[in-house]
Amino acid sequence: MPTIMTHAVVGAALASAVRTPRRGLVLAVGAGLAMLPDVDVVGFALGAFADSIWNHRGITHSVFAACVIGLAAGLATSRPLGVAWWKLAAWFAVITASHGVLDAFTNGGFGIAFGAPFSAERYFFAWTPIEVSPLGLGILSRRGVSVLASEARFVVLPTVVILIAVGVARRAMRAPLGV
Ligand SMILES: [Zn+2]
């Protein structure tokens, strides 16, 4: 996985597209949803079979799980956010799915079971520029540092650039024309 921090940054960035007065809440939900699929390290720690959908990057990283989690989160937060549940459900599903998509860009570890529970097949993208991060505290190691650097280059920087572009575009659209 890219580090959990990177997933959170991408999730919050995507969530910033939701128009709501409760900005802090939607950013927190977005960050949380994007991190959630890695709860499956529990299955990994319990020694699930490597090719089982219950192991790391299995069912919690699937498109199916993203839809279910997105729906639940949309229903739960529709009222406080003041946004239609189905709009939130769709966008939250995309945010949750962003986790598996990022993971599929990494150069190691397990492939992603996008099709679970209907298929146990594991996938990577053809281009895998992100260095896979060591699980748990391994991130503090020397290799962990090089992982963070590779993520900053391939994930965090583009995200920041997109956020700035969105901010500038919004401001430009709001600016009065003429004098
Ligand atoms: Zn993951």
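Per chain, the residues get numbers from 1 upward, laid out in the order the sequence is written. Since the coordinates come from a predicted model, pLDDT governs what is reported: local features require at least 70, and pairs of side-chain atoms require 80 or more to be given and counted, while whole-chain, interface and lining totals use all residues.

Caption draft 1: Looking closely at the overall build of the chain. The secondary structure content of the chain amounts to 6 helices and 0 strands. In the chain, the order of α-helices and β-strands from amino to carboxyl end is α-α-α-α-α-α. The exposure scheme places C-beta atoms from the backbone and then counts, for each residue, the other C-beta atoms within 10 Å of its own, assigning buried at 20 or more, exposed at 12 or fewer, and partly exposed in between. Taking all 179 residues of the chain together, the buried fraction comes to 36%. Note that contacts rest on C-beta atoms placed from the backbone: two residues are in contact if these are within 7 Å. Pairs at least 24 apart in sequence give 58% of the contacts found in the chain among residues at least 6 apart. In this description a helix means any DSSP run of H or I spanning at least four residues, a strand means any run of E spanning at least two, and both kinds are numbered starting from the N terminus.

Caption draft 2: Quick look at helix α1 (residues 4–15). Helix span is expected to be 1.5 Å times the residue number reduced by one. The end-to-end C-alpha separation of α1 is 16 Å, in line with the 16 Å expected for 12 residues at 1.5 Å each. Taken across its 12 residues, α1 has 9 buried, putting it largely inside the fold. Within the sequence span of α1, burial applies to T6, H7, V9, V10, G11, A12, A13, L14 and A15.

Caption draft 3: Summary view of the packing of helix α2 (residues 23–35) against helix α5 (residues 85–103). Only the stretch in contact is used when a helix axis is fitted, and all axes are lines through C-alpha atoms; the angle between N-to-C directions ranges over 0 to 180 degrees. Where α2 contacts α5, the two axes come as close as 7 Å, and the packing angle between them is 45°. The angle between α2 and α5 places the two elements in the oblique class. Read as a crossing pair, α2 and α5 show a hand that is right-handed. Residues G30, L33 and A34 of α2 touch α5, and the partners they reach there are F92, I95, T96, S98 and H99. Note that the term roughly parallel is reserved for angles under 35 degrees, roughly antiparallel for angles over 145, roughly perpendicular for angles of 65 to 115, and oblique for everything else. Two helices crossing with the near one rotated counterclockwise from the far one by less than a right angle form a left-handed crossing, whereas a clockwise rotation gives a right-handed crossing.

Remember, this is a structural readout, not a statement about activity or role.
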